[in-house]
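A closer look at the structure
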Amino acid sequence: MGLLLVAAGLAWALAVPLWGGWHWSWLDFGWGVAGAVPMLVAFRWLMRLEWPALRRIREFLERVFCSALEGWSVAQMLAISVLAGVAEEAFFRAVLQGGLEGCVGAAPALVLAGAVFGICHWITPAYALIAGLMGCYLGGLWWWSGNLLTPVVAHAAYDFVALVWLLRIRREGANRGGRFPLGLFTMGRTSTLRPVARTPDSKYSMPGSDCSAGTVPFAGGLKPASASVSCAVVVVDSEEGSREKVAGLSVLDRLVISLSRAGFGRIVLVGEAPGGLPRAAELGVRVEGVESMPALAGPVLLTEGNVFVSVADLGRMRRGSGRLVSREGRRLPLGVVNSADVDWRARLDRVPEVMAERPAGVVTDGASARVMERAYWSSLTSSSDGWVDRRFNRPLGRWLSLALVGTPVTPNQVSVVAIGLGLTAAGFLAVGTYWAAVWGAMVLQLSAIVDCVDGDLARAQCRESALGKWLDIVGDQFVHLGVFIGLGIGLWRLGQGNEVVVLGIVAAVGVVLSFLVILRVLLQPELRGHGRIQRLIDATTNRDFSVLLILFAMGGVLHWFLWLAAVGSHLFWMVALAVQIQDRER
């Protein structure tokens, strides 16, 4: 929807028809369906090839798209395919190709629009090339038919069939032991997890009665455990504190999820069935329910069910030993001992103390839950936060986070709203009046505030996902593109000459190049984790410049801001590329 709003704004600003001669015709609809067939044939052929460049594309599709869309219904996939077909064809064909056609001619406009289509779909160079060729093909369908309906139907039909096929192959591969058939994906799963077995005292048992390390289930997939503690026992007494909610989740539900994410492969719940853990069940965390304390040999983490603790501190406990102590100096009923039995609390008194680095404590009632929740929210920050985010955007956005954390609203939905607000701001900036520019700058600031909420909700609701990460990064780039292009159009409408349009385009190109340089890091694991590179990645999603935009808009000197953006965006990608090269050579 955000892209469709951008297309509408540009169509109005450039005086080109948004719908590119759209009219209903069964014949053109049929040509659109037929036009999807060559793309699908090419797609299947390319996905069967074992070229390294294509293998990287398959790995990305499996890791991001298939994982994100797993569980979607056919109706949902059809809806997203139709929406993508309408929005992208309106933008790239009707507006971009149609606008360029009047300046450079039909054939060059088709090629240029196809090239921009490929760049905007850049995942790897090979993927961008394939997408660019597909963009030229769709542009040819529009030029040949004269009806935008034809490429829209072809685009939507291709997306829908490809999505359904990819997910079907993924599910068949999972049912056949983890290897994807037909040569589409070649990533096998090497889990040694055996079928779940029932025992007289267990409701959801996992194989084995010891706490040794091995291949263990992990939130978001399977990962091999190291030689550290891999077993955790959660004791749920009659206290009500474990059912109190902190940031939308019960203390017990959050504790079980945190244990799984910290790498504990076996989680034993003593005194209560796992059925009262809705979010843990949603995430696929496996829990063993027993009625009494089992006798377990080997290092084991023991904790009461009403302890609030972070994943980071649990990870430290898993790699070492001792009893956790809160930052206030309170000894918590959580620690690692050599074996588990009914006297585990006495055993905890005899092990060294480990100071917690994040908020941790025992929740006994509603009052202590509220204290813990305040400490938890205060600890939530992001590495991408700039000065304005820390001092202004996040504190204001926190009120919205508090209001939404207990509702069905998801982080990705908030991300879409933030992107929509950012693109709306770009539309205001393109109007070309003083007050429209001021309002545009204000709406962009509102977008930056809302943009802080999705991360809050993702962490608080334990809903972090690969799709959310990519939506946040890519959405921010679309907002930056829209803002700079909108500024150029708006200033041109104010009569400041053609050079401001050029400046806007130069700044937008700088955004694309910066994103491509950062994307190179995101798709190459050996480059990730470096401190300087991570700071540059964080900078691509930083919107501290929104405050400068407000000041320049109120002062009526937005052309100064555009000059800064045009120069700064290109300096950024050059510095980012130089840092990557230096870190790779070390």
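Values in this document were obtained by computation on a predicted structure and should not be read as measured data.

When you go through the chain residue by residue, the secondary structure sums to 20 helices and 13 strands. For the chain, the proportion of its 586 residues judged to be buried stands at 50%. Across the chain, contacts joining residues at least 24 apart in sequence account for 74% of those joining residues at least 6 apart.

This next bit is on the confidence of the model for the chain. Scored by pLDDT, the chain has a mean of 77; 78% of the residues are at 70 or more. Overall, residues 174-227 carries pLDDT values under 50, and its contacts beyond four positions in sequence, including any with other chains, amount to 113 contacts.

On to helix α19 (residues 545-555). Because the α-helix completes a turn every 3.6 residues, residues three or four places apart line up on one side. Phe545, Ser546, Leu549, Ile550, Phe552 and Ala553 are the residues of α19 that are buried. A positive backbone phi angle near 70° is found at glycine 556, which sits one or two residues after α19.

Okay, the nonpolar core next. Leu259, Leu301 and Leu324 are the most contacted members of the largest nonpolar core, which has 32 residues in total. Those elements that place two or more of their residues in this core are β3 (231-235), α8 (251-261), β6 (266-270), α10 (311-319) and β11 (331-340). The element contributing the most residues to this core is α8, with 5 residues. Leaving out residues up to four positions away in the same chain, leucine 259 has contacts with Ala232, Val234, Phe264, Ile267, Leu301 and Leu314. Within the second largest apolar cluster, 31 residues are counted, among which are Ala437, Ala553, Leu562 and Ala566.

A separate point is unusual backbone geometry. Among all residues save glycine, negative phi is the norm, and among peptide bonds the norm is trans. Even without a glycine there, the phi angle at alanine 247 is positive, about 55°. You can see alanine 247 is positioned in the loop between β4 (245-246) and β5 (249-250). What makes alanine 247 buried here is its relative accessible area of 1%. Backbone geometry at cysteine 462 places phi at a positive 55°, although glycine is not the residue there. With respect to the helices, strands and loops of the structure, cysteine 462 is situated in the loop between α15 (434-460) and α16 (466-493). For cysteine 462, a relative accessible area of 4% puts it in the buried group.

At a minimum axis distance of 7 Å, the contact between helix α14 (residues 411-429) and α16 shows a crossing angle of 10°. By the angle class used here, α14 and α16 are roughly parallel. Mapping the contact onto sequence places Asn412, Ser415, Val416, Ile419, Gly422, Leu423, Ala426 and Leu429 in α14 and Leu467, Gly468, Leu471, Gly475, Phe478, Val479, Gly482, Val483, Gly486, Leu487 and Gly490 in α16. Each residue belonging to the contact of α14 with α16 can be placed in one class, and the counts come to 11 nonpolar, 8 polar and no charged.

As a further point, take the pattern of salt bridges. Summed over all chains, the structure comprises 14 salt bridges. Between arginine 316 and glutamate 357 there is a salt bridge, with its nearest N and O atoms 3.6 Å apart. With arginine 316 in helix α10 and glutamate 357 in the loop between β12 (353-355) and β13 (361-362), this pair connects stretches of sequence that are 41 residues apart. Note that aspartate 456 and arginine 394 form a salt bridge whose closest N and O atoms lie 2.9 Å from each other. One end of the pair, aspartate 456, is in helix α15; the other, arginine 394, is in helix α13 (residues 387-404), and 62 residues separate them in sequence.

Turning our attention to the sheet that holds strand β10 (residues 322-325). Pairing is mixed across the open sheet formed by 7 strands, whose spatial order is β7-β6-β3-β8-β11-β10-β12. Looking at the sheet topology across the chains shown, the edges are occupied by β7 (288-290) and β12. Going from strand to strand, the sheet's axes swing by 25° on average, the running direction of each strand aside. Strands β8 (296-304), β10, β11 and β12 of the sheet are contacted by α10, whose axis makes an angle of about 30° with β11.

Let's shift gears to the environment of asparagine 338. Position of asparagine 338 relative to the elements: it lies in strand β11. Residue asparagine 338 is classed as exposed on the basis of its relative accessible area, which comes to 63%. In this structure, the C-alpha to C-alpha distance between asparagine 338 and valine 351, residues 13 residues apart in sequence, is 10.0 Å. If near-sequence neighbours (up to four positions away) are discounted, asparagine 338 is found in contact with Ala297, Gly298 and Pro299.

Here we come to the side chain of serine 546. Here serine 546 is to be found in helix α19. Looking at serine 546, its side chain comes within polar contact range of the side chain of glutamine 445, at 2.8 Å. Residues in contact with serine 546, not counting those within four places in the same chain, are Leu444, Gln445 and Ala448.

Here β3 runs beside β8; their pairing, made up of 4 bridges, is parallel. Of the residues in β8, the one forming a bridge with alanine 232 is leucine 301.

Applying the stated criterion across every chain yields a total of 13 aromatic pairs. Between tryptophan 24 and tryptophan 26, the ring centres sit 5.1 Å apart and the planes meet at 85°, which makes this aromatic pair edge-to-face. Overall, tryptophan 24 belongs to the partly exposed group, its relative accessible area being 48%. With a centroid separation of 6.5 Å and 45° between ring planes, the pair formed by phenylalanine 484 and phenylalanine 561 is classed as tilted.

Attention shifts here to a nonpolar patch on the surface. There is a patch of nonpolar side chains on the surface, built from Phe428, Tyr434, Trp435, Trp439, Met442 and Met554 and spanning about 680 Å² of accessible area. Checked against the element boundaries, methionine 442 lands in helix α15. Accessibility expressed as a relative area gives 36% for methionine 442, which makes it partly exposed.

For the rest of this paragraph, the subject is the packing of α15 against α19. Two elements in contact, α15 and α19, have axes separated by 9 Å at closest approach and are oriented at 165°. Accordingly, the angle class assigned to the pair α15 and α19 is roughly antiparallel. For the crossing formed where α15 meets α19, the hand is left-handed. Here Tyr434, Ala437, Val438, Ala441, Met442, Leu444, Gln445 and Ala448 of α15 lie close against α19, whose contacting residues are Phe545, Ser546, Val547, Leu549, Ile550, Ala553 and Met554. Its residues assigned to classes, the contact of α15 with α19 shows 13 nonpolar, 2 polar and no charged.

Conventions and cut-offs
- Residue numbers run consecutively from 1 along every chain, following the written order of its sequence.
- This being a predicted model, a pLDDT of at least 70 is required before a residue's local features are given, and a value of 80 or more before pairs of side-chain atoms are given or counted; all residues contribute to the totals for chains, interfaces and linings.
- Note that water and hydrogens are dropped before the side-chain values are worked out from all heavy atoms of the structure.
- Each helix is a run of H or I in the DSSP string that is no shorter than four residues. Each strand is a run of E no shorter than two, and both are numbered from the N terminus.
- Burial here depends on accessible area, computed with a 1.4 Å probe over protein chains only, as a share of the maximum for the residue type. Under 20% is buried, over 50% is exposed, and the range in between is partly exposed.
- Any two residues whose heavy atoms approach within 4.5 Å at even a single point are treated as in contact.
- Residue-level confidence of the predictor is summarised by pLDDT, bounded by 0 at the bottom and 100 at the top.
- What is meant by a nonpolar core is a set of buried Ala, Val, Leu, Ile, Met, Phe, Trp, Tyr and Cys residues, joined one to another through side-chain atoms within 4.5 Å.
- Between N-to-C directions, angles cover 0 to 180 degrees, with each direction set by a line fitted to C-alpha atoms, over the stretch in contact for helices.
- Any angle that falls under 35 degrees is termed roughly parallel, while one over 145 is termed roughly antiparallel, one within 65 to 115 roughly perpendicular, and all others oblique.
- Residue polarity is assigned by list, with Asp, Glu, Lys and Arg as charged and Ala, Val, Leu, Ile, Met, Phe, Trp, Tyr, Cys and Pro as nonpolar; anything else, Gly included, falls into the polar class.
- Salt bridges, as used here, are contacts in which a Lys or Arg side-chain nitrogen is within 4 Å of a carboxyl oxygen on Asp or Glu.
- One requirement defines pairing of two strands: DSSP has to find at least two bridges between them.
- Under this definition, polar contacts are N or O atom pairs within 3.5 Å; protein pairs additionally need one hydrogen-donor-capable and one acceptor-capable atom, and for neighbouring residues in sequence, both atoms have to be side-chain atoms.
- Each Phe, Tyr or Trp ring, with Trp reduced to its six-membered ring, pairs with another whose centre is within 6.5 Å; inter-plane angles below 30 degrees give stacked pairs, above 60 give edge-to-face pairs, and intermediate values give tilted ones.
- Patch members must show over 30% relative accessible area and no salt bridge, and they are joined within 9 Å when carrying like charges or within 5 Å when they are nonpolar side chains of Val, Leu, Ile, Met, Phe, Trp or Tyr.
- Note on areas: Shrake-Rupley with a 1.4 Å probe; residue coverage comes only from the protein chains shown.
- A crossing counts as left-handed when the near helix is turned anticlockwise from the far one by less than a right angle, and as right-handed when that turn is clockwise.

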